[in-house]
Amino acid sequence: MGFAIIGLGGYALNQMMPRFALAQRSHIAAIVSGNPEKLKQVGDAYGVPPDARYTYDSFDAIADDKRVEAVYIVLPSGLHAAWTEKAFAAGKHVLCEKPMALSSEECARMIAAAERAKRKLMIAYRSYFEPHNRLAMALMAQKALGPLRLLRADHSYRMGPVTPAQNWRLDRALAGGGPLEDLGIYGLQAALYLTQEVPELITASTYQPEGDARFTQIFAHVGAQLRFPSGAVAQLSTSYDAAGANTVSARGATGVLTMDPATSYSGQKMRLEQAGQAGRDLTPGDPDVQFAGQLDHFADAIRDGGQIKTPGQMGLRDVRLMEAIYASARTGRYVRLNPDGTMLD
Ligand code: NDP
């Protein structure tokens, strides 16, 4: 299936585009960029014909380009909704990077646009295609830890000395509240795919330091506690101003599963400890398959009409939960939730 890649930034150039070589049923058919030099260099490097190199201004002509079946949106998060709608208006399927968008209202518009166009929408949650995370989901389904009680996820790194004008990740219009949408979303996702539940109660706090040019528009840290209908409780923390962390752990009544790093591009490690047994390090496979795996999954779902594992509805649910986290932090109160992640009050 032919993809048009829109937004030739760090993630597209360094991670996703090289991984197309490992995909079986997906290839790069076109590129879209605001930078003519990148269009030339990247187009030449990937053998993209000159007439399949689009700018943001010429994008609408992609509607008539039969080589392109899907658009892969790798733009700053605040641009996901508008470009998803444009891609559906052009009659293409859409693979959209995480977070799906910055508000549930935008997500609902994206889903409606997919329905109108009769095209598919997938959110690029790569951990669903990564062997360690997949094994973790299977172990939870088998109740390998007994009933799940406590989860913990920490995702952080330390942002260099930049300003919102220099880096969109610090700009509220493009990044929302900041680290939660960018990094914390991996922990939120893990809490949901390990419990297979949606929280019924959320309490959270945010921190925005004064006098730090990085955090004039976004938060430095976000912490949240989620309680699930089973009684399991998850602690999530995320930061742009703390030493690097990428860890998820699940503690059941009779065992513990630790993943560190849990949701990185590579190097995942996991350890299972069960009552009465020696702890075991598990090595279910090469994390690198997650990138091509998500591409081919989308191609298969389009070809065969199959279910998408990470559809727009999942992205919407997660954005709703992030809205609930911010609502709790803003008001200092618990937020109660419906099973679809909408706020009860
Ligand atoms: P970058 O800043 O590296 O790249 C974004 C690209 O978007 C730019 O290079 C530019 O491409 C284009 N762009 C268009 N308008 C703007 C604008 N106003 N400001 C800045 N860039 C603009 O970001 P990333 O590649 O790191 O992130 C892109 C998306 O991918 C985000 O949604 C992010 O959350 C997601 N991501 C996902 C990861 C994952 O593991 N799934 C990891 C990293 C990011 P051009 O010059 O070609 O026009």
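Rules used throughout
Within any chain, residue numbers begin from 1 and follow the written order of that chain's sequence. Reporting in this predicted model follows two pLDDT cut-offs: at least 70 for local features of residues, and 80 or more for side-chain atom pairs to be given and counted; totals over whole chains, interfaces and linings ignore these cut-offs and use all residues. Side-chain figures throughout are based on the complete set of non-hydrogen atoms in the structure, without hydrogens or water. A run of DSSP states H or I qualifies as a helix once it reaches four residues; a run of E qualifies as a strand once it reaches two. Both are numbered from the N-terminal end. Computation of the radius of gyration draws on C-alpha atoms, with the globule rule given as 2.2 Å multiplied by the number of residues to the power 0.38. Burial classes follow relative accessibility: with a 1.4 Å probe on protein chains only, a residue under 20% of its type's maximum area counts as buried, one over 50% as exposed, and anything between as partly exposed. We call two residues in contact when some of their heavy atoms are within 4.5 Å. Surface exposure here means Shrake-Rupley accessible area, sampled with a 1.4 Å probe, where a residue is shielded only by the protein chains that are shown. When charges are counted, neither His nor the chain ends are considered; positive counts come from Lys and Arg and negative counts from Asp and Glu. The atom standing in for a charge is NZ when the residue is Lys, CZ when it is Arg, CG when it is Asp and CD when it is Glu. We call a residue near a given molecule or strand whenever any one of its heavy atoms falls within 4 Å of it. Throughout this description, a polar contact denotes any pair of N or O atoms lying within 3.5 Å of each other; where both atoms belong to protein, one of them has to be capable of donating a hydrogen while the other can accept it, and for residues adjacent in sequence the pair is counted only when both atoms sit in side chains. Gly is put with the polar residues, along with every residue not named as nonpolar or charged; the nonpolar set is Ala, Val, Leu, Ile, Met, Phe, Trp, Tyr, Cys and Pro, and the charged set is Asp, Glu, Lys and Arg. For two strands to be treated as a pair, DSSP must find at least two bridges joining them. Helix span, expected: 1.5 Å multiplied by one less than the number of residues in the helix. Fitting axes to the seven residues ending at a residue and to the seven starting there, one defines the bend at that residue as the angle between these axes. Any pair of Phe, Tyr and Trp rings, taking the six-membered ring for Trp, is counted once the centres come within 6.5 Å. Such a pair is stacked with planes under 30 degrees apart, edge-to-face with planes over 60 apart, and tilted for the rest. For helices, the fitted axis covers only the stretch in contact; all axes are lines through C-alpha atoms, and the angles between them, taken along N-to-C directions, range from 0 to 180 degrees.

Q: I tried to follow the overall build of the protein chain on my own but got confused; where do I start?
A: The number of helices and strands found in the protein chain is 9 helices and 15 strands. Here the protein chain has a C-alpha radius of gyration of 20 Å; the compact-globule value for 345 residues is 20 Å, and the two agree. Seen along its three principal axes, the alpha-carbon backbone of the protein chain occupies a region of about 60 × 45 × 40 Å. In the protein chain, which comprises 345 residues, the share counted as buried stands at 56%. Counted over contacts in the protein chain with a minimum sequence separation of 6, partners at least 24 positions apart contribute 67%. For the protein chain, the computed accessible surface area is about 14700 Å², with 51% contributed by carbon and sulfur atoms. A gap of 3 Å separates the mean positions of the 36 positive and 35 negative side-chain charges of the protein chain.

Q: Can you help me understand the site of the ligand in this one?
A: The environment of the ligand is made up of 25 residues, and the closest members are Gly 10, Ser 33, Lys 38, Tyr 56 and Arg 126. Between an oxygen atom of the ligand and a main-chain N or O atom of Gly 34, the distance comes to 2.8 Å. Here an oxygen atom of the ligand sits 2.7 Å away from a polar atom, N or O, in the side chain of Arg 126. Surface burial for the ligand is 79%, taken as the share of its 900 Å² of free accessible area covered by protein chains. Counting only elements with at least two residues in the shell around the ligand, the list comes to helix H1 (10-19) and helix H7 (179-195). A breakdown of the residues in the shell around the ligand according to their chemical character gives 11 nonpolar, 8 polar and 6 charged.

Q: Looking at this model, I keep getting lost on the pairing of strand E11 (residues 241-252). Mind explaining?
A: Taken residue by residue, a regular strand's side chains alternate between the two faces of the sheet. With 9 bridges connecting them, strand E7 (residues 148-158) and E11 associate as antiparallel partners. Residue pairing for E11: Leu 151 is matched across the bridge by Ala 250. The pairing of E11 with strand E12 (residues 255-259) spans 4 bridges and is antiparallel. Across the sheet, Arg 251 pairs through a bridge with Val 256, a residue of E12. Hairpin connection of E11 to E12: 2 residues between the antiparallel strands.

Q: Would you take a moment to explain the environment of Asp 281 for this structure?
A: Relative to the elements of secondary structure, Asp 281 occurs in strand E14 (residues 280-282). Taking the C-alpha atoms as reference, Asp 281 lies 9.9 Å from Met 259; in sequence the two are 22 residues apart. Apart from the residues within four sequence positions on either side, Asp 281 is in contact with Met 270 and Arg 271. In terms of polar contacts, Asp 281 uses its side chain to reach the side chain of Arg 271, at 2.9 Å.

Q: I'm lost on the side chain of Ser 264 in this one. Help?
A: Within the element layout of this structure, Ser 264 appears in the loop between E12 and strand E13 (270-274). On the basis of relative accessibility, which here comes to 14%, the residue Ser 264 falls in the buried class. Not counting residues up to four positions away in its chain, the partners in contact with Ser 264 are Arg 126, Asn 246 and Gln 290.

Q: What's the story with H7 in this structure? I'm lost.
A: End to end, H7 covers 23 Å across 17 residues, agreeing with the expected 24 Å (1.5 Å per residue, within 8%). At Ile 185, H7 is deflected by roughly 50°, the largest bend along its length. Most of H7 sits out of view: 17 of its 17 residues are buried. Phi turns positive one or two residues past the end of H7, at Gln 196, with a value near 55°.

Q: Please explain the pairing of E7 as it appears in this structure.
A: The sheet contact formed by E7 and strand E10 (residues 233-239) spans 7 bridges and is parallel. Looking at the pairing, His 155 lines up with Thr 238 of E10.

Q: Help me understand the packing of aromatic side chains in this model?
A: We describe a pair of aromatic rings using the distance from one ring centre to the other and the angle between the two ring planes. Counted according to the given criterion, the structure contains 9 aromatic pairs. Here the aromatic rings of Phe 3 and Phe 298 are separated by 6.3 Å at their centres, their planes lie at 50°, and the arrangement is tilted. With Phe 3 in strand E1 (residues 2-6) and Phe 298 in helix H8 (residues 289-304), the pair connects residues that are 295 residues apart, well separated along the chain. Residues Phe 3 and Phe 298 agree in their burial class; the two are buried. Grouped by ring-pair contacts, the aromatic residues Phe 3, Phe 20 and Phe 298 constitute a single cluster.

Q: Just checking my understanding: could you explain the sheet that holds E12 for this structure?
A: Hydrogen bonds between backbone atoms are what pair the strands of a sheet, whose relative direction is either parallel or antiparallel. Strand order in the open sheet made by the 9 strands is E14-E13-E12-E11-E7-E10-E9-E8-E15, with mixed pairing throughout. Since the sheet does not close on itself, it has two edges, and those belong to E14 and strand E15 (335-336), each with one partner. Its contacts with the sheet place helix H5 (residues 131-141) against E7, E11, E12, E13 and E14, and it is angled at close to 165° to E12. Sheet contacts for helix H9 (residues 312-331): strand E8 (201-207), strand E9 (221-227) and E15; angle to E8, the most-contacted strand, approximately 65°.

Q: It is not clear to me how unusual backbone geometry should be interpreted in this structure. Could you clarify?
A: Working note: non-glycine residues mostly have negative phi, and peptide bonds are mostly trans. Pro 99 follows Lys 98 through a cis peptide bond whose omega is -15°. Position of Pro 99 relative to the elements: it lies in the loop between strand E5 (93-96) and helix H4 (104-117). For the bond from Asp 260 to Pro 261, the omega torsion is -5°, close enough to zero to count as cis. One non-glycine residue, Lys 143, lies in the positive phi region at around 60°. Following the sequence through the fold, Lys 143 ends up in the loop between H5 and E7. Its relative accessible area of 56% is what places Lys 143 among the exposed residues.

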